[in-house]
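Architecture at a glance
Read off the chains here:
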Amino acid sequence: MTQLSVNLNKIALLRNARGEGKPDLLRAAHTVIDAGAAGITVHPRPDQRHVRPADVRQLAALCRTRGVEFNVEGNPFNPAQGDYPGFIALVLETRPDQVTLVPDADAQLTSDHGFGPGDAAALAPLLATLKAAVSRVSLFVDAGETTLAPLAAAGADRVEIYTGPYAKAFTTGDWAHALAACVDTARAAERCGMGVNAGHDLNQANLPPLCDAMPFLSEVSIGHALVEDALYCGLTATVAGYLRALD
């Protein structure tokens, strides 16, 4: 079964809106783990709009104690800014189980594109540094991208397919082509010896067709839609619903 990693960024965003430590990010992490999530994902950004470096440190310790995967996403080219130590430095300090590299700009609202084969040369030395500290490095890539051999040669262990276009097409009912693009990329990754993750705008409705088309899908990371559902149904029940959708 495809593993579910819950992205806690939106929980941190709610907390930061009041600045009073609530909702409690660590309590949310314990809740989703107790409900069956296989991992926790965070995407710390230099502007610290949601998850902050201190959160990453605390969640790394929590995930080690609870025996679940900790996945940290971010742009590997982000340098130190103020008390943000820089993405590479933060990863080397906290040593998550998986790092997912995403080419997002500082002012970008959310991730909306992936790395391509032309980025392999610039990524290779960073991947070598990261792989000395973490078990697995995944690269965010666009659905439909099939020239993945340079990224595999640079040292990537997995790709995470950007599923935003698929999710958007799903709402219109005309999503077969978008799903096929995801499958093409997944098959290309497999041919290069890389594992396959997926993420962005996935929900309980669009997950089953994705999993049916890609039974070899290792992991999905879901935050925004899962937190939205939890507002109405509760966090524990919502995680259970997503696990049913993945099965």
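Above: the structure in question.
Just so you know, these numbers come straight off a predicted model, no measurement behind them.

Now for the sheet that holds strand β4 (residues 98-101). Strand order in the closed barrel formed by eight strands is β1-β2-β3-β4-β5-β6-β7-β8, and the pairing between neighbours is parallel. When the angles between neighbouring strand axes are averaged without regard to direction, this sheet yields 25 degrees.

The subject of this paragraph is helix α3 (residues 53-66). For an α-helix the count is 3.6 residues per turn, leaving residues at separations of three or four pointing the same way. Look at α3: 20 Å from first C-alpha to last across 14 residues, which is about the 20 Å you get at 1.5 Å a residue. Directly after α3, the chain includes G67, whose backbone phi takes a positive value near 70 degrees.

L4, L8, F70, L101, L139, L210 and V220 are the most contacted members of the largest nonpolar core, which totals 75 residues. No other element matches helix α8 (residues 176-191), which puts seven residues into this core. Excluding its chain neighbours within four sequence positions, the residues that come into contact with F70 are I40, V42, V56, L59, A60, C63, P96, D97 and Q98.

Here G116 is to be found in the loop between β4 and α5 (120-131). In sequence terms G116 and E190 are 74 residues apart; their C-alpha atoms lie 16 Å from each other.

With that settled, consider the pattern of salt bridges. For the coordinates displayed, the defined rule picks out nine salt bridges. Linking E93 and R57 is a salt bridge whose minimum nitrogen-to-oxygen distance equals 2.6 Å. Here R57 lies in helix α3 and E93 lies in helix α4 (residues 87-94), a separation of 36 residues in the sequence. In this structure E93 comes out as partly exposed when scored by relative accessible area, which is 45%.

Here a disulfide denotes one covalent bond, and it connects the sulfur atoms of two cysteines. Tallied over the entire structure, the rule returns zero disulfides. The closest cysteine sulfur to the non-disulfide-bonded C192 is located on C182, 17 Å from its own sulfur. On the basis of relative accessible area, C192 is assigned to the partly exposed category, the value being 30%. Cysteine C233 remains unbridged, with the sulfur of C211 as its closest cysteine sulfur at 19 Å. Looking at C233, the relative accessible area reads 55%, which means it is exposed.

Cut-off values and rules
Residues numbered from 1 in each chain as written. Predicted model: local features only at pLDDT ≥ 70, side-chain atom pairs only at ≥ 80, totals over all residues. Heavy atoms only, no water. Pairing = 2+ DSSP bridges. Helix = DSSP H or I, 4+ residues; strand = E, 2+ residues; numbered from the N terminus. Axes fitted to C-alpha atoms, helices over the stretch in contact; angles between N-to-C directions. Expected span 1.5 Å × (residues − 1). Core = buried A, V, L, I, M, F, W, Y, C linked by side-chain atoms within 4.5 Å. Buried < 20%, exposed > 50% of the residue type's maximum accessible area, 1.4 Å probe, protein only. Contact = heavy atoms within 4.5 Å. Salt bridge = Lys/Arg side-chain N within 4 Å of Asp/Glu carboxyl O. Disulfide = S-S within 2.5 Å.

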